[in-house]
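So the chains spell out like this:
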Amino acid sequence: MSAASSGSRLRSEVLEVRQQLAERRQEIRQQHERGLTGVQVCAKLTAAVDAALVRLFESALADMPQGKAKRLRENCVLVAHGGYGRRQMSPHSDVDLMFLYEPRVRTEAERLAQRLTQDIFDVGLQLGQSLRTVDEAINLARNEPMIATSLIESRHLVGEQPLYERFSTAFERMIQRRPKAMCAAFVEARRGERQKYGETVYLLEPNIKRSRGGLRDLHLLRWLWFVNTGVSDIDRLHMKGVLSKFDHRRLASSREFMLRVRNDSHFHADKSRDALDRGEQVRLAEKLGYRGREGMLPVEQFMRDYFRHAGHIWFLAARVTELSCPRPAVTSVLGAVFGRSIEKDYRLNTHEITATASGRSKLNTRLDEALRLVDLARLSDRRISQDTWYLVYRAAPKYSSELTDSARERFLEILDNPTQLGPLLRRLHELGVLEKVVPEFTHARCLLQFNQYHKFTVDEHCIRAVECATQFAERTDRLGAVYNRIPKRQLHLALLLHDLGKGHEEDHSELGVGIAEHNGQRLGLGERDIDQLKFLIRRHLWMSHLAFRRDTTDPELVTPFAEEVGSKETLELLYVLTCADLAAVGPGVLNDWKVSMLTDLLRNAAEALSPKPRLRVQDRRNAMRIAVWKLLNPADRDDPWLKQQFNALPESLVTSRPPGQVLALLRKFQALGPGEATAWGGPAGPPDTTEIIAGVNRGTARGVFSSMAGVISAAGLPILEAETCVLHDDLLLLRYIVSGPSAPLAGEPGAGSVEGRIAELCEKLVASIDSDRPPTFPRVWGAEQHAKQAALTNLPNEVRIDSDLSDQCIIVEVFTVDRRGLLYDLARAVHEMQLVIRFAKIATSADQVVDAFYVTERDESKPTDEARLAEIHRRLMAVIEPEE
């Protein structure tokens, strides 16, 4: 019988307990709303469950014959453990209960446990229960770390006290016999959980229980302290001197914050909810009274507090973990024998670097010495010993923010060396040292970027950008070659500073210019380096905007870009900075297609900076024409149709493929009769991208671009780039670059080879021309939730029209939340306005998709009339903001 059973089928006492528990929970919720602390709410919820379980236990015994009840009472005990055992139950936490019994009453105990299990479910509690003897419990705990961690939190609930004490004594004895192994097992189990739920404190949608710095790391601290001291409660640990006043205050504050947030999430959802998605973050920020300020949303303030508390928990968890899992004895012996001293300040052992008395004295007051220590650890590939680490952590707030010559020189030397630079900077930031060198890191610490695009806080993103750049050294492509030859110090400093202007009302790139100048002067850079640094930060988004939203084969775009950049060195710095910035946004953001787009822009801009760039473009076309004509039969070399079509081909197509492919394309087009079409596809270059080319004879004014875009989108293939070109004699060329397709598994719809899927898609593309049937877009799991989450940032829908950048086209940019069929709807609206899309790129910016179109009239003229431009704006706005 479940809790959903009708009341008439439940015993009256179960119904009464259920009613009392519900009333008590409601009272506690009201107290929570009035500001009762998270710890107190959890304690009251635990007490309410205690009362319910004790009453159910006594009721079950009362229904038994007196002798049997007495026998069970003397040989059984209910043991609360886990979160329930430590009295930290949130509103919808599971009830972790162990039914402990003596072997001689096994049969009766099993029947009692069955009765209690049913009653507990019927009163509406989620039960995690086990039935064990003392020996079974100890053996399971010995072999299963997670069971051991749960039983550390055990407490007597009801039943035979001596039996519980026997279990408790045996359990503690088992733990004390193998403390190192138990600690290592606890740490490893927790590491696996963090890898699943987030191995950084600064994940923007964390799980409050299981992500790094969450409640589970508080639990890990309790487990490790129990093994080492026999005590797990932080208040008792403080009284015993195990936990300093500083750490106790921080840990208690962080525990309170986390529990209050979790309690509110459970109460609001009326179920267990530990994931802090963006909608929940917004709700909690409002609920907890965050007001926001200029340049910072209330939700960003709330999440800054979350990350600050998670950071405190993680810092202490990492420290206690290292202290609880010491090096093997042989390592200590080898360290003592083979260790060496460094200028009497540090002792270098096989795995650690430790400050001597002389070193500790310097670390207490000198910023440059802390930089030296961290760099020594990096260069020697040693970790910093916990005592030394903690010394710097406590001393860092007292360091002067005025940089000495020694500190400047040390920090710039650190930036020059890419080896393990990301972890080094992260270590400096964790210690509070980095903000003494770059003061703006104080503001950026734990600063949320509230969008679906970025996955990390501003400070973490900047450090990750440096880390990602250093990893480019291992690449064998153009990106790797450029990284390995550019000035490392300038690049790494630019990456470290590039987003520190966020969190203010003003544009972060413009604010970043002042940050660059301030820090360049603090670090003693020359005027040229400061000017270059200011340019890189002001323009750090420019290259990605051009590469992903513009036609980078257009000299009208590339030449002004190259001229403003000014030098090959600055261009290459900006290129690597752009790639690293994208890579640091989140996993998979910098893909091979984006690298290829940025590399094409780099190549074209570098060519524009060299002498006679336009002549070189024409030289490439001439060389390709000569190579293609060599492949023709002598009779075809004077064919005027072939000459005219070749001369009309777009630059992107002529110079990006072998001569044989260009000729094959012309031959396929030549075979088309009036009104006929063809399409084919193959790899585009970057892995998992496909190029699809189509030709339509008499193709203009037929809505071909939109119909084909609809077919591709309906196939679930994101369009990355698209291009159309009207060749000689009204021959329409279309070119799409799409993400995918990968072959589906056997047995799935459309199963088969990638080549088969592309061929099937091309058949549909040809069939779609002049069709009156709109495409059917498949439902994508999670798409509605994604759109709902993206809309939380309240970014406006926008249509921008640029009439100046191109002499031939207007450029229309559409900013909106992505949805199924959006590109089709936009392209169809353009077609219905008697316009032609000559070129298109699809990109992502923050929480919005950005569709950029190069558009002309059907006669290839450029729309210029103000009324016409207003019509285009109005019509496209109607697509992205349809009337209800």
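Residues numbered from 1 in each chain as written. Predicted model: local features only at pLDDT ≥ 70, side-chain atom pairs only at ≥ 80, totals over all residues. Heavy atoms only, no water.

**Digging into the overall build of the chain**
Looking only at helices and strands, the chain has 40 helices and 16 strands in total. Overall, the C-alpha framework of the chain stretches about 110 × 80 × 50 Å when taken along its three principal axes. Looking at the chain as a whole, 54% of its 884 residues are labelled buried. Looking at the chain as shown, the accessible area adds up to about 38300 Å², and 49% of this sits on carbon and sulfur atoms. Taking the average location of the 122 positive side-chain charges in the chain and that of its 121 negative ones, the two points are 7 Å from each other. (Helix = DSSP H or I, 4+ residues; strand = E, 2+ residues; numbered from the N terminus. Buried < 20%, exposed > 50% of the residue type's maximum accessible area, 1.4 Å probe, protein only. Areas by Shrake-Rupley, 256 points an atom, 1.4 Å probe, with all protein chains shown as cover. Lys, Arg positive; Asp, Glu negative; His and termini not counted. Charge placed at Lys NZ, Arg CZ, Asp CG, Glu CD.)

**Some thoughts on the packing of helix α36 (residues 704–714) against helix α39 (residues 822–832)**
A packed helix pair is summarised by two numbers, namely the angle formed by the two axes and the spacing between the axes. Where α36 contacts α39, the axes come no closer than 8 Å and their chain directions differ by 170°. Between α36 and α39, the crossing angle belongs to the class labelled roughly antiparallel. The residues of α39 that touch α36, namely those facing Phe-705, Ser-706, Ser-707, Ala-709 and Gly-710, are Leu-823, Tyr-824, Ala-827 and Arg-828. In terms of residue class, the contact of α36 with α39 is made up of 5 nonpolar, 3 polar and 1 charged. (Axes fitted to C-alpha atoms, helices over the stretch in contact; angles between N-to-C directions. Parallel < 35°, antiparallel > 145°, perpendicular 65-115°, else oblique. Contact = heavy atoms within 4.5 Å. Nonpolar A, V, L, I, M, F, W, Y, C, P; charged D, E, K, R; others polar.)

**So, helix α37 (residues 754–768)**
Taking 1.5 Å of rise per residue, the 15 residues of α37 would be expected to cover 21 Å, and the 21 Å separating its terminal C-alpha atoms lies within 8% of that figure. Within the sequence span of α37, burial applies to Ile-758, Leu-761, Cys-762, Leu-765 and Ser-768. Projection of α37 onto a plane perpendicular to its axis shows the buried side chains occupying an angular sector of 120°, all on one side. Away from the buried face of α37 by more than 90 degrees, exposed residues Glu-763 and Ala-767 are located. (Expected span 1.5 Å × (residues − 1). Arc of directions from axis to C-beta.)

**Quick notes on unusual backbone geometry**
Pro-741 follows Gly-740 through a cis peptide bond whose omega is -5°. Tracing the chain through its elements places Pro-741 in the loop between β12 (731–739) and α37. The phi torsion at Asp-729 lies on the positive side, around 60°, for a residue other than glycine. Here Asp-729 lies in the loop between β11 (719–726) and β12. Even without being glycine, Asp-770 reaches a positive phi, approximately 70°. Along the chain, Asp-770 turns up in the loop between α37 and α38 (783–790). Residue class for Asp-770 comes out partly exposed when judged on its relative accessible area of 46%.

**Regarding the nonpolar core**
Grouped together as the largest cluster of nonpolar side chains are 110 residues, with contacts concentrated most on Phe-411, Leu-425, Val-433, Phe-561 and Tyr-575. Among the elements that make up this core, the one with the highest residue count is helix α30 (residues 568–583) (10 residues). Residues in contact with Phe-561, not counting those within four places in the same chain, are Trp-542, Met-543, Leu-546, Leu-571, Leu-574, Leu-601 and Ala-605. (Core = buried A, V, L, I, M, F, W, Y, C linked by side-chain atoms within 4.5 Å.)

**Topic: the pairing of strand β9 (residues 677–683)**
In terms of strand pairing, β9 meets strand β10 (residues 689–697) through 7 bridges, oriented antiparallel. Bridging across to β10, Gly-682 finds its partner in Glu-691. The antiparallel pairing of β9 with β10 creates a hairpin that spans 5 residues between the two strands, and Gly-685 there sits at a positive phi of about 130°. (Pairing = 2+ DSSP bridges.)

**A closer look at the side chain of Asn-697**
Examined against the element boundaries, Asn-697 turns out to sit in strand β10. Overall, Asn-697 belongs to the buried group, its relative accessible area being 13%. A polar contact is formed between the side chain of Asn-697 and the backbone oxygen of Leu-672, at a distance of 3.2 Å. Excluding its chain neighbours within four sequence positions, the residues that come into contact with Asn-697 are Leu-672, Gly-673, Pro-674, Gly-675, Glu-676, Arg-702, Asp-729, Asp-730 and Leu-731. (Polar contact = N/O pair within 3.5 Å; in protein donor to acceptor, adjacent residues only side chain to side chain.)

**Structural notes on the sheet that holds strand β1 (residues 76–80)**
Reading across the sheet, the 4 strands line up as β3-β2-β1-β4 and stay open at both edges, with mixed pairing between neighbours. One side of each edge strand has no neighbouring strand; the edge strands of this open sheet are β3 (127–132) and β4 (155–159). The average undirected angle you get between the axes of adjacent strands in this sheet is 25°.

**Observations concerning the side chain of Gln-532**
Structurally, Gln-532 can be placed in helix α27 (residues 527–538). A residue is classified by how much of its surface remains accessible, and Gln-532, at 7% relative accessible area, is buried. If we skip the residues at most four places from it in the chain, Gln-532 touches Gln-490, Glu-569, Thr-570 and Leu-573.

**A closer look at the pairing of strand β16 (residues 848–857)**
Burial within β16 is extensive, with 10 of its 10 residues counted as buried. Pairing of strand β14 (residues 810–816) with β16, which is carried by 7 bridges, proceeds in the antiparallel orientation. Pairing of Glu-813 across the sheet is with Ala-852, part of β16.

**Describing the pattern of salt bridges**
Overall, the coordinates contain 63 salt bridges when judged by the stated rule. Put simply, Arg-445 and Glu-435 hold a salt bridge, and the shortest N to O gap is 2.8 Å. Here Glu-435 lies in helix α21 (residues 434–437) and Arg-445 lies in the loop between α22 (441–444) and α23 (458–471), a separation of 10 residues in the sequence. With a relative accessible area of 23%, Arg-445 lands in the partly exposed category. Among the salt bridges present, the one from Arg-485 reaches Glu-572, with a minimum N-O distance of 2.6 Å. With a gap of 87 residues between them, Arg-485 in helix α24 (residues 478–485) and Glu-572 in helix α30 connect regions that are remote in the sequence. Connected via shared salt-bridge partners are Arg-29, Glu-33, Asp-264, Arg-273, Asp-277, Glu-280, Arg-283 and Lys-287. (Salt bridge = Lys/Arg side-chain N within 4 Å of Asp/Glu carboxyl O.)

**A few points about the packing of aromatic side chains**
Tallied over the full model, the rule gives 17 aromatic pairs. Residues Phe-669 and Trp-680 carry aromatic rings whose centres are separated by 6.0 Å and whose planes lie at 55° to one another, so their mutual orientation is tilted. Here Trp-680 lies in strand β9 and Phe-669 lies in helix α35 (residues 659–670), a separation of 11 residues in the sequence. These aromatic residues form a ring-pair network of at least three members: Phe-246, Phe-315, Trp-389, Tyr-390 and Tyr-393. If you follow Arg-464 out to its NZ or CZ, it ends over the ring of Phe-456, 3.9 Å from the centre. (Phe/Tyr/Trp six-rings, centres within 6.5 Å; stacked < 30°, edge-to-face > 60°. Lys NZ or Arg CZ within 6 Å of the ring centre and 35° of its normal.)

**Observations regarding the confidence of the model for the chain**
Mean pLDDT over the chain works out to 89, with 92% of the residues at or above the 70 mark. Mean pLDDT per element in the chain: helix α15 (residues 329–338) is the minimum at 41, and helix α25 (residues 488–497) is the maximum at 98. Of the regions scoring below 50 in pLDDT, residues 1–8 engages in 11 contacts with residues more than four places distant in sequence or in other chains. Under a pLDDT of 50 for its full length, residues 329–338 has, in the predicted model, 9 contacts with residues more than four places off or in other chains. (pLDDT = per-residue confidence, 0-100.)

**Some thoughts on the environment of Glu-136**
Examined against the element boundaries, Glu-136 turns out to sit in helix α6 (residues 134–143). Accessibility expressed as a relative area gives 30% for Glu-136, which makes it partly exposed. Here Glu-136 is in contact with Tyr-101, Arg-106 and Leu-131, once residues within four sequence places are set aside.

**Remarks on a positive patch on the surface**
Residues Arg-142, Arg-173, Arg-177 and Arg-178 make up a contiguous surface patch of positive charge. A relative accessible area of 30% places Arg-178 in the partly exposed class. (Patch = residues over 30% accessible without salt bridge, like charges linked within 9 Å, V, L, I, M, F, W, Y side chains within 5 Å.)

**Concerning the packing of α6 against helix α8 (residues 161–177)**
Look at α6 against α8: their axes get within 10 Å of each other, and the N-to-C directions meet at 25°. On the basis of the axis angle, α6 is roughly parallel to α8. Where α6 crosses over α8, the handedness of that crossing is right-handed. Residue-level contacts link Val-134, Ala-137, Ile-138, Ala-141 and Arg-142 of α6 to Leu-163, Arg-166, Phe-167, Ala-170, Phe-171 and Met-174 of α8. Residue composition of the contact of α6 with α8, grouped by class: 9 nonpolar, no polar and 2 charged. (Left-handed = near helix turned anticlockwise from the far one by under 90°.)

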